[in-house]
Amino acid sequence: MSRADSIGALDHLMDDWYRQVRADRGLQAAVGFDSSMEHRDWDGAKGSIERTYGRSTREHQGTLDTLAAAIQCKRMLRVSQSR
C-alpha cells in the first residue's frame with residue numbers, strides 16, 4: 001500500500017469514527033469540533049475539546065487519544081512521503 005493510499009485509508013477510518021462519535025451530545029458543546037472534523041482538521045478538533053473540557057477530561061479521554069493517534073499517524077505518513 002502506498003503512503004497516499006495509507007493517508008486515504010486513515011481519512012476514511014477517521015470519517016467513519018466521526019460518524020460514530022457525532023451522536024455524543026457532549027462533543028457538540030465543544031466549539032469548532034464538528035467543523036474541524038468535517039475538514040479533517042484533527043488538531044483543531046482535539047484543541048476544541050481541550051479548550052471546552054480541559055486536557056485531562058475523563059469523559060472524553062478516549063476521543064482525545066484517538067485524535068492524538070490519528071494526528072501522529074498522519075504526520076508520520078507525510079514526513080515519510082516527503083523524503
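The model shown is predicted, which means the values in this text are computed figures rather than measured ones.

Turning our eyes to something else, we now look at helix α1 (residues 3-21). Here α1 spans 27 Å end to end across 19 residues, near enough to the 27 Å set by a 1.5 Å rise per residue. What α1 keeps buried is the set S6, I7, L10, D11, M14, D15, W17, Y18 and V21.

Turning our attention to the confidence of the model for the protein chain. Across the protein chain, the average pLDDT comes to 89, with 93% of residues at 70 or higher. No element of the protein chain has a lower mean pLDDT than helix α2 (residues 25-28), which averages 74, and none a higher one than helix α4 (residues 42-53), which averages 94.

This part is about the environment of L27. Within the element layout of this structure, L27 appears in helix α2. The sequence separation of L27 and A45 amounts to 18 residues, and the corresponding C-alpha distance is 9.8 Å. Among residues more than four places away in sequence, those in contact with L27 are V21, F33, I49, Y53, H60 and T63.

Right, let's talk about the nonpolar core for a bit. With 16 residues, the main nonpolar core has M14, W17, F33, M37, W42, I49 and L67 as its most contacted residues. At the level of elements, α1, α3 (33-38), α4 and α5 (61-82) are the ones that each hand at least two residues to this core. Among the elements that line this core, the one with the most residues is α1, at five residues. Not counting the four nearest positions on each side in its chain, W17 is found in contact with M37, T63, T66 and L67.

Rules used in this analysis
Residues numbered from 1 in each chain as written. Predicted model: local features only at pLDDT ≥ 70, side-chain atom pairs only at ≥ 80, totals over all residues. Heavy atoms only, no water. Helix = DSSP H or I, 4+ residues; strand = E, 2+ residues; numbered from the N terminus. Expected span 1.5 Å × (residues − 1). Buried < 20%, exposed > 50% of the residue type's maximum accessible area, 1.4 Å probe, protein only. pLDDT = per-residue confidence, 0-100. Contact = heavy atoms within 4.5 Å. Core = buried A, V, L, I, M, F, W, Y, C linked by side-chain atoms within 4.5 Å.

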